[in-house]
8 protein chains.
Amino acid sequence: MEHNIHTLLKKLAEGTVSVEEAELALKAAPFVDLGFAKVDMHRKIRQGAGEVIYGAGKTAEEISDIISAMQSHGQEHILITRLSEEKYSALAPSLGQNAVYNARAGLCVIGGTVRPDGLGKIVVATGGTSDIPVAEEAAATAEFLGNEVLRLYDVGVAGLHRLLPHVEELMSANVIIAIAGMEGALASVVGGLADCPVIAVPTSVGYGASFGGLSALLSMLNSCASGVSVVNIDNGFGAAFIASRINHPKMHTKKA
Amino acid sequence: MEHNIHTLLKKLAEGTVSVEEAELALKAAPFVDLGFAKVDMHRKIRQGAGEVIYGAGKTAEEISDIISAMQSHGQEHILITRLSEEKYSALAPSLGQNAVYNARAGLCVIGGTVRPDGLGKIVVATGGTSDIPVAEEAAATAEFLGNEVLRLYDVGVAGLHRLLPHVEELMSANVIIAIAGMEGALASVVGGLADCPVIAVPTSVGYGASFGGLSALLSMLNSCASGVSVVNIDNGFGAAFIASRINHPKMHTKKA
Amino acid sequence: MEHNIHTLLKKLAEGTVSVEEAELALKAAPFVDLGFAKVDMHRKIRQGAGEVIYGAGKTAEEISDIISAMQSHGQEHILITRLSEEKYSALAPSLGQNAVYNARAGLCVIGGTVRPDGLGKIVVATGGTSDIPVAEEAAATAEFLGNEVLRLYDVGVAGLHRLLPHVEELMSANVIIAIAGMEGALASVVGGLADCPVIAVPTSVGYGASFGGLSALLSMLNSCASGVSVVNIDNGFGAAFIASRINHPKMHTKKA
Amino acid sequence: MEHNIHTLLKKLAEGTVSVEEAELALKAAPFVDLGFAKVDMHRKIRQGAGEVIYGAGKTAEEISDIISAMQSHGQEHILITRLSEEKYSALAPSLGQNAVYNARAGLCVIGGTVRPDGLGKIVVATGGTSDIPVAEEAAATAEFLGNEVLRLYDVGVAGLHRLLPHVEELMSANVIIAIAGMEGALASVVGGLADCPVIAVPTSVGYGASFGGLSALLSMLNSCASGVSVVNIDNGFGAAFIASRINHPKMHTKKA
Amino acid sequence: MEHNIHTLLKKLAEGTVSVEEAELALKAAPFVDLGFAKVDMHRKIRQGAGEVIYGAGKTAEEISDIISAMQSHGQEHILITRLSEEKYSALAPSLGQNAVYNARAGLCVIGGTVRPDGLGKIVVATGGTSDIPVAEEAAATAEFLGNEVLRLYDVGVAGLHRLLPHVEELMSANVIIAIAGMEGALASVVGGLADCPVIAVPTSVGYGASFGGLSALLSMLNSCASGVSVVNIDNGFGAAFIASRINHPKMHTKKA
Amino acid sequence: MEHNIHTLLKKLAEGTVSVEEAELALKAAPFVDLGFAKVDMHRKIRQGAGEVIYGAGKTAEEISDIISAMQSHGQEHILITRLSEEKYSALAPSLGQNAVYNARAGLCVIGGTVRPDGLGKIVVATGGTSDIPVAEEAAATAEFLGNEVLRLYDVGVAGLHRLLPHVEELMSANVIIAIAGMEGALASVVGGLADCPVIAVPTSVGYGASFGGLSALLSMLNSCASGVSVVNIDNGFGAAFIASRINHPKMHTKKA
Amino acid sequence: MEHNIHTLLKKLAEGTVSVEEAELALKAAPFVDLGFAKVDMHRKIRQGAGEVIYGAGKTAEEISDIISAMQSHGQEHILITRLSEEKYSALAPSLGQNAVYNARAGLCVIGGTVRPDGLGKIVVATGGTSDIPVAEEAAATAEFLGNEVLRLYDVGVAGLHRLLPHVEELMSANVIIAIAGMEGALASVVGGLADCPVIAVPTSVGYGASFGGLSALLSMLNSCASGVSVVNIDNGFGAAFIASRINHPKMHTKKA
Amino acid sequence: MEHNIHTLLKKLAEGTVSVEEAELALKAAPFVDLGFAKVDMHRKIRQGAGEVIYGAGKTAEEISDIISAMQSHGQEHILITRLSEEKYSALAPSLGQNAVYNARAGLCVIGGTVRPDGLGKIVVATGGTSDIPVAEEAAATAEFLGNEVLRLYDVGVAGLHRLLPHVEELMSANVIIAIAGMEGALASVVGGLADCPVIAVPTSVGYGASFGGLSALLSMLNSCASGVSVVNIDNGFGAAFIASRINHPKMHTKKA
C-alpha cells in the first residue's frame, strides 16, 4: 500500500494505480473507522514514530478498541499518554504482558523498550520536584521514540549551586528539555549555558500569580537566551516528540 | 510647629494647643495650596526623606511653582523624577546652579549630593543595557536618599559567566535592586545567590509576549527564590525608596 | 566542610582543597539525594535561616524522609509550610514531642520557639478576618526566623476608625506586612502612614472581579504610597522571609 | 407633541391621535435626521436633562450642525463633552457669546449657568492632581445638570493627613464622586467614611501594572466599603449624570 | 457614648471628654473583641443601617458569637448574607423565633420586617431565571434596609416583548437594580428607558466566553446609557446597599 | 390571538382590537407565569422554531412544569438542552413515550423527528473525538429544527489526509458547522475550502494555554478565511440555530 | 483551464489532462507570482465572488501591480479594502474612470456597480455614529458582492425609541449585520427581534474598559438571543462576505 | 586564552593557570567594557555562532563602538538585527564595503556570506505577505549562521490549494520555520504534513481580536500537531537560531 499521499497522487497520474485503487488507498485504508474515532494506520510511516494514543477524554473501552485495531494492523509498539490509574486498571487485563505502566508519568508503553538510535542524549531537567510528573511524561515518551534520556530533576535556579554541578551533564546533551513552573527561569539559565537546542515546558505548578502556568509560559517565551523554544503548559509529550525529531534528523539517516 | 499628627492630637487633648491652633496646624500649615496641588511640607519629617516631585503629568511651570513653595519653606534638597529633557530645559534657568540633571534617569537633583548614612551598600543590577534608564532612576534616587550605590549593569542570566564574576559584589550588598525586562529571570538567580533583601523591578523592555512588562512582573512575583519582593513595572524610584528604608532602619538610628 | 561556593573555589585554586575534595564538596555534600528531591543541607549557612519544607505537593512519607535526612545532618529547627491537617496527622507520630502544628496557618514548627534577635518588631496587619490564614503563615514564619511579631488583624480600611486606633502600634514596627484581599487598599493606607518598609501580600479572598487575588495584587503594585513592595498572592511565607531579612541586616550583625 | 412613548401608545389606542399622527410622532418628530446622526429632541423631556453632545469622533462641522438643529427646536442649554481645543476653536465663531469652554475638562457649556435645584451638594474628590481633567468633566457636568458642586482635589490616601481635614466636607455631601487612578484606594477610604452614595471613577492615570486604569477599576469594584458603585474608566460625565439623578429624586420632585 | 469620631475629637479638644474617656471611646467601646473579629457596634449610627454579617468564610459558631455580641449591645435587627443552608441549620436553634431564612437568597433576617421609609420604590429586575439568587439577595437586603421592593424577574432583552409590558413598572421606580449575566445587555436597555438611577449587577451566570461574569461586567461598565453604575459580580447586597442610600437621602430626612 | 407585536399595535390603532384585548394579548397571553419563569408561548410563531428549554440551572421539577405549560398550549415539539442524565431520569416518567434522550449531546427531544425542509444539508464537522458532545448538541438541534445533517467527526487538520477525502462532502453542504478545541485551525482550513457559510464553534477541549477555549475562540475570530463567523465556546445549540435559519431563508419560503 | 482542484485531480486520474498540464494548472496558472504575493486568479470561480485586495500593509505600488495582474487575466470587478486616502490618491491616476472611492469605508470599487441578485435585503444597523466607518465597509462590500443593502445607522439601544420605529425594516431583512462598540447590546436586542440570521460586528469604538472592542466582542458572543454569530472586531468586510453567502445560497441557485 | 569556563575552572584547580590568570580570564578577557554594555568576546566559541548585536534600543554610535570592539578582537562576521534604515544610514560610512543591509528584514550582515554547512535545508514559510519582514529576519539569520534556506512565502492555509503545490518542498526540509499572524493555523497544517521539527513564529500581523499576536501565539502553543514548538511573537531571529542549532547537531559534527 502507498505510504505517502504525494507519491500516491503521482502514481495516480502515471496510471500505475487506478482511480478505484487510489480512492481506496486514500479513503479506506489508512483509517479504521471505529465510529467514534478515525484510527490512522499510516501515521508511523508518514511521521516516523510509533503510534500514540492520547488517553484523556477517552473511556477505557474506547482505548481498548483502538489498541485492538492498531494491533490487528501490525502495530506492536504503542504509547498511551494521560492515562489515569483507574483507566489503566480497567485496561490491564486486556493488555497482555508486555504493557508497562508508569504511574508518575501517567502513561503506558506496549511492546517493550526501544533501542536508542538517535544522534545523542536528551537531557530532561526540572526546576523542582513538583515538575516531575511532566518530566516523566517527557522522558518516557522520548525513550519510547528511541532516545537515550538523562534525568536531572530538582536543579532549579533559586540555588545555582544545585545547577552548577550538573553543567557537564547539560553539556553532554544533544537536546535539552527544560521543565519548570512558577517563574520558569530554568529555561533561561539552561539556555544561557547550553550549546544545543532547548525545548522549554512550562508547568502549572505554582499558585497565585502563576495563573496556572501562564507566568512560566510567558517567561520562557521571553527568554533572553537564544536557542530556546516552547511548547504548551504541561506538555511533556510534545516536548519529547520534537526533541526526538531533533535527535533523529532525516538527513543524517539518509546519509547513513 | 507640630510635625506629627499623633502628637498634635495628644496636645490638643492636653490643651497645650488650642482648637484654633490645632486646626491651623492640621489644615493650613503642612499644605501650601497652589490651586492645582497640595504641596506637603511635612513629608520629610513624617517619612524621613527629602522631598520628591513626580514630574510626569505636570507642566514645567507647575513644577517650578512647587519648587518655589518648597524652597520658601526651607526645603533645600529636592528630587524631581520622570522629568523629560524638554521640561528640564524649560526649568533650568530658574533652578540655579546646584541643580544636576541625569538624562538617562530622567531626573533632576537640587541641593547637591548627600553623604551616605545607611547601614551598607545598595547594589543596583540590571539584566541588559536597555534596563539602564530604570536602573539609573533607582540608583540616583537611592543616592539622593543617602545611600552608597554600586551599579552592576548588563549582567543578565542568559550567560551566567557574566553574572558569576560579580558574586562577591552581590554578597557585599545590604539590599539588592534587581532590574530586568523580558523574562525577568535575574530576580530569581540573584535571589538564589543573595543573603540580603532583594527588591525586583520588572521593566517594560521587550516585545511580543512580554506584554509591556507583564511577563517580567509575573516571573518576579512567582520567583522560587525566597527574599524577593516586587514593585511596579519600571518603578525604579519606588524600589530605591523601599531599599533606602531597609538600609536606614528606624531601630538602628534610635540606638545610635 | 566549606559552606560557601565562592570560598571553596578560591581554596581550590590555592590548592588547599584537592579537585576530588572540591568536587565532593560541590556535588555530594550539600545534597542528600532522596531520589525525589535534593535536600539542601547548606541552606542555613548560605542564607542564614532555619530549614523550610514546602509541604504542598509532597506526600506525608516524602516529608518524613526529608525531615529525617535533615535531622541526621544536625538540623534541629525545621518549618513545614502548606501542611494540611491530614498530612500533619499522618506525620505526627514520627515527629516527636517538640513539633507544634498551627492549624490556621497550615504549618508545623519542629525544634521549639526561637528567641527574637532582630532589630525591632514585625507588625502583621490584615484587612479582614478572612485574611488571617495567610497572616498566620506570615506571623508564624517570622517567629520561626527569630522575630518579635505583633498581630493587628481585621483593621481594614473600609472603616478608618478601625485602623486609626492602631497608628501607634504601626509606628512601633521595624517592618510591616500588610495583608489584604478584595481591593487591597490596606497596603496604600498603611504605606501612607508608616515610616518603615511595608511588604504587601495580596490574598485570594473575595469573589467576582477579585479574580483570585488579581485585583488586590494590581492595587498593591500601583500603590501611590512609597515604601511598599509586593509578594505573590497568598504568599505569607515569602513576605515573612524578606521581612525577617530586613529585620536582620547583615551590616548590623557585623558591627554588633 | 407627545413626550412619552407610553402615553402616545395609549392615545393611539384611544383614538385621540390618528395612526398617521402617531407614526409621525414616533418616527419623525423626535429625530432630526442629519444624515450622519439622529438628533434626539425628546431627550430632555424623557430623561429630565439638558441635551448633551459627545464630541469625540465627530467633526467640528458635524457638531455645529447638531447644535443648530437643537437650537432650532428650542433647546437652549447644551453641553458638549470630549471637545478638544482644536475643535472648540473651529466651533467658537458660530457658538455666540453664551458658550463657555472649560479647557481642563475638555467641555463646552452653551446657555449659561444653571441654578442648583438638587437635594444637596455633590462632592467631587480626586486622589491626585493628574485626575483633575476627569474630575473637571464630572464637576462641570454636574453643575450643568443643576447641582451645587464642591471640589476636593489631591486628597489621595497615601497620606491620610491630607484626607482627614476634609472629613467634615465629605460628610456634607449628598453624593460623592471619588476619582482616582493607580490603585484607586480613594474609593474604599471615602466609602468607609461617607454616609451617602459614592460613585467611583477609575482613571487611566498611572503606568506599568495600572494597565490603563484596569487596576483602579478592579479595586473600586472590589471595594470592601458598602455604598460604592463604579462607572467606566475616565467617565467623569457618566458619574456626574447618575450623581445628578441621585440628587434629583423623582419622588421628591413630585411631592414638592 | 460618642457616636461620631469627628464630634468626639472636637469634644476632646473642648475638654468635655478627657483623654482617657476619649481613648476609651475610640479604642474600646465600638469594638467587642472576639479574638477573631472586631465587631463594630457603632456601625448603625455611623452609616444609618442595621448591622450586617457577611457569612462567607465564617463558621456557624463564629457567626453565633457575633450575633450574641451584637444583641448584648442592643442591636436587634441583624442581616446575615452568604449563609448556606448547612450553616443556617446549625445556627437555627440559637436564633430564636424571629429569624427568617431566605434559601434562594442565602440570607437570614433577625428581628422582623422593617417598615419601608424611603422616598419611593426600588425595582429589582433580572434578565433570566438563573439570576434570581443574586436578585433575591438584593431584594431582601433592600427590604431589610427599609425599602419597598418590586421584583421584575426574567424580563431579559432577548425578547423585548417580555420587557415592554413592564415599562410602566420600571417608570414607577425611584432606583432600579438591573441584574444580568451572559452579555448583560439588560442594564443598557433599562438604562435607556429609565429616568432614575440604575445600579447594574453583573452575574456569573453563563458559560464559555462569559468568563465568570467578566463579559456582563464589561458590558455594564461600557453601557451607552447614561445613569448606570456598576457593582461587583454577583454583589446583590452591595447594589441594595447603595440603592437604599439613594432612596434615603440625608438631605430629605433633615428637611422632613 | 395575535402572533405579532407589530400587527397587534397596528390593529390596536385601527380599533379592531380593544385596549383591553390588546393589553391582555400583550401582557397575559404569551406568558404563562410559573412564578420562577415566564414561559413564552409565542416564540414559535415569532421566530419560526419549536420551543427550546435551556436545562442548565433548572431543577427537574421546574423543567417538568414548563413542559406541562407548553403542552397545555398545544406546543408538541419541544427540545431540552443541557440536560444531565440525572435530571433526565427524574423527568422520564412524566415525559411519555415520544421523548428521546441523546446522552452524548445531553439533550432530549419531545414530539418525534422532524421532516427536513431546508434548502440543503448542514454538515457538522469536528477536529477531534473530544469535540463530539458539542457536535451532537449542534447536530441534534439542527435536526430538531428541520434540517438534514451530515456528521463528519475527527477530521482535524493535524493530518490533512484525514480531511481531504471529505472535501466532496464539505462541498455538498449548504451550511457548515466547524467545531474544534485546542487551536481551532479547523475553521480556517474548512473556511478556505468551502463555498458556503461556515459557523465556527470553539470548544473548551484542551489544556494549559487553551485557557478553557479562549485559544480556539481567538483563532476562529481571526480566521484568515472569509465566510466564517463564530459563536460562544461550546455553544453547539447556538451554531445549529443560526445554521438552521440560514438553511431556511424567509425569502425562499415566501416565494415558494 | 480547470477551475476546481477536485475536478482537476479526477481528470488527472482519468488521463484527460496530462501530468504536465495538471502540474501547470495546479502550480502555475492560478497564481501570478509578483515576487511579494501570490495573486490567486481562480478565486472568483472557486468562491463565487469578485476579487478582493486587502489594502492594509501593502504599498500603493504593490496594489497597482496586483490590479494590473488581475485585469490582464480578465478580472474586471475588483474591491480594495482598508485603503487610506493617501494610497488611493497615489493609485488614482492608474485606476481609470470606473474606480469609485468610498472615503468613510476606506475602500475602492473598480468595475462599476453590481446588480443585486440575492434572495433578499441585507440590513446594516449600527448602534452609534462612530460605528459608521465599519458599517460602510460592510455595506459597500455587500453591494459589491451583489446584494441590496438597507442602512439603519445610529439606532443604538440606549433609547429603544430610536430602534422601535425601525422594527418593520428589520423584519424585512434576509440577513442583518448588527454593528456596535461599547457594550455591544445592539446585537442582543436586534437578535431578539429578528427572524433571520444576525451577523454581529463588535467595533473598537469606546474607551476605558471597552479595551479596544473586547467588551463588545464578549457581549456579542454571550448574547442571550439565538441566531447571532460574530466576526472579528471592526471586520465589516468579513460580516458582509458571510452575509452575502447566506443571501446567495448554493442550493437556491442550482434550483433556479 | 581559555574558551570554556568549565575547562578554566578545572585548570585553575590543576594549577596550570594561576589565580591571577584565571581571574583575568574570567573577569576581564571575555568582556570589553564600553561603559554601557559588556561586549562578550567569547560568545562565538561558547555557543558556536558568529556574533550578533540586537540593534533595538541602542544608538548608532553605541552600535558602532560595539562593532569596533568586536573587530579589534578578530571577530569578522557580525549580524546586527532590528536595525532601522535611519540607524543603518548613520552607520554605513564606518562599516566598510563588506556590510550588506537587508531592508525588509531590518538587519545588516558584516563579513560576507557564509558557506552552508548544516545537515540539510531550513524552509521558512509564511501565511501571508505581511509576515515577510519577520520571515526575512529568520531567513537572513539562518543564512548568517551557515544554513541553506528555502523561502516559501504567502502559502497561508485559507486556500489549501496554495500550500499543497509546495508539499514536496516542505518534505525536503530538515527544519521548518512556520510564520503566521492572525489565527496562526499555518503551524498546525504544516506540522501535520511535516516529518521534521517545526519552529512556529507568531506575528503581530492582524487587528481586533488578534491582540498583537496573542491569538496566533495561543494557536501555535495549542497546535494539535506534534513536532511543533514556539518562540516569541515576531521573533524571527530566535526561530532561526534554534533552527540552526537543530541543523548543526553537535554529535554529528564530532563524528564527522
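What you see is a predicted model, and the numbers here were worked out from it, not measured in a lab.

Side note on the overall build of chain A
Each helix and strand counted, chain A has twelve helices and eleven strands in total. Across the 256 residues in chain A, those meeting the buried criterion constitute 61%. When contacts within chain A are restricted to residue pairs at least 6 apart in sequence, long-range pairs at least 24 apart make up 66% of them. With an accessible surface of roughly 9000 Å², chain A has 54% of that area assigned to carbon and sulfur atoms.

A word on the interface of chain H and chain A
Of the residues lining the interface, 40 residues belong to chain H; the matching set on chain A comes to 40 residues. Linking chain H with chain A are zero salt bridges, by the criterion used here. For the pair chain H and chain A, the interface holds eight residue pairs in polar contact (both at pLDDT 80 or more). It is helix α11 (residues 236–247) of chain H that provides the largest number of residues to the side of chain H that touches chain A, a total of five residues. Grouping the amino acids of the side of chain H that touches chain A by side-chain chemistry returns 19 nonpolar, 13 polar and eight charged.

Some words on the packing of aromatic side chains
Each aromatic ring pair is characterised by the separation of its centres together with the angle its planes make. Overall, the coordinates contain 16 aromatic pairs over all chains when judged by the stated rule. Consider the rings of Tyr88(C) and Tyr101(C), whose centres lie 4.3 Å apart with planes at 10°: the pair is stacked. One end of the pair, Tyr88(C), is in helix α5 (residues 85–95); the other, Tyr101(C), is in strand β5 (residues 99–102), and 13 residues separate them in sequence. Residue Tyr101(C) is classed as buried on the basis of its relative accessible area, which comes to 17%. Taken together, a centroid distance of 5.9 Å and an interplanar angle of 45° make the contact between Phe237(H) and Phe241(H) tilted. Placement of the pair is Phe237(H) and Phe241(H) together in helix α11, with a separation of four residues, close to one helical turn. Summarising the burial analysis for this pair, Phe237(H) and Phe241(H) share the class buried. The positively charged end of Arg82(C) is found above the aromatic ring belonging to Tyr207(A), 4.4 Å away from the centroid.

So, the relation of the copies chain H and chain A
Screw-axis analysis of chain H against chain A gives a translation of 0.0 Å along the axis, an RMSD of 0.1 Å, and a rotation angle of 180°. Considering both components of the superposition, the chain copies are consistent with a two-fold axis. Nearest to the rotation axis, the C-alpha of Val230(H) is located 2.5 Å from it, this being the minimum over chain H. Both copies share a contact surface, since 100% of the interface residues of chain H are interface residues in chain A too.

Examining the sheet that holds strand β3 (residues 51–54) of chain G
Residue and element names in this part refer to chain G. Taking strand neighbours across the sheet as the criterion, the four strands line up as β3-β4-β6-β5 in an open arrangement whose pairing is mixed. Strands at the two margins of the open sheet, each flanked by one partner only, are β3 and β5 (99–102). Across this sheet, the average inter-strand angle for adjacent strands is 15°, counted without regard to direction. Direction of pairing for β3 relative to strand β4 (residues 78–81): parallel, over a ladder of four bridges. Each residue of the ladder has a partner; that of Tyr54, found in β4, is Thr81. Strand contacts of helix α4 (residues 60–72): β3, β4 and β6 (107–110), with the helix running at about 165° to β4, the strand carrying the most contacts.

A short note on the pairing of strand β8 (residues 148–152) of chain G
Residues and elements named next belong to chain G. Note: strand β7 (residues 121–126) against β8, five bridges, orientation parallel. Bridged to Ile122 within β8 is Val149. Of the crossover connections in this fold, the one passing from β7 over helix α6 (residues 132–144) to the parallel β8 is right-handed.

Side note on the sheet that holds strand β4 (residues 78–81) of chain F
As a general point, the strands of a sheet are linked pairwise by backbone hydrogen bonds and lie either parallel or antiparallel. Residue and element names in this part refer to chain F. Within the open sheet, the four strands sit side by side as β3-β4-β6-β5. Their pairing is mixed. The sheet terminates laterally at β3 (51–54) and β5 (99–102), the two strands that pair on one side only. Strand-to-strand twist of the sheet, defined as the mean angle between neighbouring strand axes without regard to direction, takes the value 15°.

As for helix α11 (residues 236–247) of chain A
Residue and element names in this part refer to chain A. Across its twelve residues, α11 extends 16 Å between first and last C-alpha, which sits within 8% of the 16 Å expected from 1.5 Å per residue. Burial of α11 is extensive: twelve of the twelve residues sit out of reach of the surface. Listed as buried for α11 are Gly236, Phe237, Gly238, Ala239, Ala240, Phe241, Ile242, Ala243, Ser244, Arg245, Ile246 and Asn247.

Quick look at unusual backbone geometry
Phi is positive for Met182(A), which is not a glycine, with a value near 50°. Following the sequence through the fold, Met182(A) ends up in the loop between β9 (173–180) and α9 (185–193).

A word on the environment of Leu186(B)
All names here are of chain B. Within the fold, Leu186 resides in helix α9 (residues 185–193). Overall, the relative accessible area of 2% leaves Leu186 in the buried class. Along the backbone, Leu186 and Gly127 are 59 residues apart, and their C-alpha atoms lie at a distance of 6.2 Å.

Remarks on the domain arrangement of chain A
Residues and elements named next belong to chain A. One can read the domain layout of chain A as domain 1 (32–110) and domain 2 (121–249). Contact residues are listed per partner, giving 15 residues for domain 1 and 13 residues for domain 2. Across the domain 1/domain 2 interface, buried area totals approximately 1200 Å², and carbon plus sulfur atoms make up 63% of it. Taken together, domain 1 and domain 2 are joined by one salt bridge.

Notes on the pattern of salt bridges
Under the counting rule described, the total for this entry stands at 28 salt bridges over all chains. Between Arg82(H) and Glu137(H) there is a salt bridge, and its shortest N-O distance comes to 3.0 Å. Of this pair, Arg82(H) sits in the loop between β4 (78–81) and α5 (85–95) while Glu137(H) sits in helix α6 (residues 132–144), and the two are 55 residues apart along the sequence. Given the relative accessible area of 23%, Arg82(H) is considered partly exposed. Judged by its relative accessible area of 5%, Glu137(H) falls in the buried class. Counted as one network, the salt bridges with shared partners bring together Glu136(A), Glu143(A) and Arg151(A).

What about the pairing of strand β9 (residues 173–180) of chain C?
All names here are of chain C. Counting buried positions along β9 gives eight out of eight residues, so the element sits mostly inside the fold. Across six bridges, the pairing between strand β7 (residues 121–126) and β9 is parallel. Each bridged residue has a counterpart across the sheet, and for Thr126 the counterpart in β9 is Ile179. As paired strands, β9 and strand β10 (residues 198–202) are joined by five bridges and run parallel to one another. Bridge pairing links Ile179 to Val201 in β10.

Considerations on the packing of helix α6 (residues 132–144) of chain E against helix α11 (residues 236–247) of chain E
Residue and element names in this part refer to chain E. The N-to-C vectors of α6 and α11 enclose an angle of 35°; their axes lie 7 Å apart at closest approach. In this structure, α6 crosses over α11, and the sense of that crossing is right-handed. On the side of α6, the interface is formed by Val134, Glu137, Ala138, Thr141 and Ala142, while α11 contributes Gly236, Phe237 and Ala240. Of the residues contributing to the contact of α6 with α11, the split by class is five nonpolar, two polar and one charged.

Some words on the packing of helix α4 (residues 60–72) of chain C against α5(C)
All names here are of chain C. At a minimum axis distance of 9 Å, the contact between α4 and α5 shows a crossing angle of 35°. Remark: the crossing between α4 and α5 carries right-handed chirality. Taking contact as the criterion, the partners of Ala60, Ile63, Ser64 and Ile67 in α4 are, on α5, Lys87, Ala90, Leu91, Ser94 and Leu95.

So, the confidence of the model for chain A
All names here are of chain A. On average, residues of chain A carry a pLDDT of 80, and 77% of them reach 70 or more. Overall, residues 23–33 carries pLDDT values under 50, and its contacts beyond four positions in sequence, including any with other chains, amount to 26 contacts. Contacts from residues 41–48, a stretch scored under 50 in pLDDT, to residues over four places away or in other chains number 26 contacts. Reported confidence for the predicted complex is 0.82 by ipTM and 0.84 by pTM.

Remarks on helix α10 (residues 214–221) of chain D
With respect to burial, α10(D) is a largely interior element, seven of its eight residues being buried. Among all positions in α10(D), only Ser215(D), Ala216(D), Leu217(D), Leu218(D), Ser219(D), Met220(D) and Leu221(D) are buried.

With respect to the environment of Glu148(D)
All names here are of chain D. Along the chain, the position of Glu148 falls in strand β8 (residues 148–152). With a relative accessible area of 41%, Glu148 lands in the partly exposed category. Taking the C-alpha atoms as reference points, Glu148 and Arg115, separated by 33 residues in sequence, lie 8.4 Å from one another. Non-local contacts of Glu148, meaning those with residues more than four positions away in its chain, are made with Pro116, Gly120, Lys121 and Ile122.

Rules used in this analysis
- All chains use their own residue numbering, which begins from 1 and follows the written sequence.
- Chains and ligands are labelled by the order in which they are written, letters from A for the one and numbers from 1 for the other.
- Thresholds applied to this predicted model are a pLDDT of at least 70 for local features of residues and 80 or more for the giving and counting of side-chain atom pairs; totals over whole chains, interfaces and linings are not thresholded and use all residues.
- The side-chain numbers reported here are obtained from all heavy atoms of the structure, hydrogens and water having been left aside.
- Numbering goes from the N terminus for both helices and strands, where a helix is a DSSP run of H or I of at least four residues and a strand is a run of E of at least two.
- Only protein chains enter the accessibility calculation, which uses a 1.4 Å probe; a residue is then buried when its area is under 20% of its type maximum, exposed when over 50%, and partly exposed in between.
- Only heavy atoms matter for contacts: two residues are in contact if any of them lie within 4.5 Å across the pair.
- The method behind every accessible area is Shrake-Rupley, applied with a 1.4 Å probe, and residues are considered shielded solely by the protein chains displayed.
- In what follows, salt bridge is the name for a side-chain nitrogen of Lys or Arg lying within 4 Å of a carboxyl oxygen of Asp or Glu.
- We call two N or O atoms a polar contact when they sit within 3.5 Å, provided that within protein one can donate a hydrogen and the other can accept it, with sequence-adjacent residues counted only if both atoms are side-chain atoms.
- Gly is put with the polar residues, along with every residue not named as nonpolar or charged; the nonpolar set is Ala, Val, Leu, Ile, Met, Phe, Trp, Tyr, Cys and Pro, and the charged set is Asp, Glu, Lys and Arg.
- Each aromatic pair joins two rings of Phe, Tyr and Trp (for Trp, the six-membered one) with centres within 6.5 Å, and gets the label stacked for planes under 30 degrees apart, edge-to-face for over 60, and tilted for any other angle.
- By the criterion adopted, a ring carries a charge over it if an Arg CZ or a Lys NZ lies within 6 Å of its centre and within 35 degrees of its normal.
- The atoms used to superpose the copies are C-alpha atoms, taken from residues with pLDDT of at least 70 in both, and the fit is least squares.
- Strands are treated as partners if at least two bridges between them are detected by DSSP.
- Axis geometry follows a simple rule: fit a line to the C-alpha atoms, using only the stretch in contact for helices, then measure angles between N-to-C directions, giving values from 0 to 180 degrees.
- With the strands pointing away from the viewer, any crossover whose connection runs clockwise from the first strand over the helix to the second is right-handed.
- One fewer than the residue count of a helix, multiplied by 1.5 Å, yields its expected span.
- Each domain's limits were defined by an automated method or a database of domain assignments.
- Accessible area that two parts lose when put together, evaluated with a 1.4 Å probe and summed over both, is termed the buried area.
- What makes a crossing left-handed is the near helix being turned counterclockwise from the far one by less than a right angle; a clockwise turn instead makes it right-handed.
- For every residue, the pLDDT score states the predictor's confidence, bounded by 0 at the bottom and 100 at the top.

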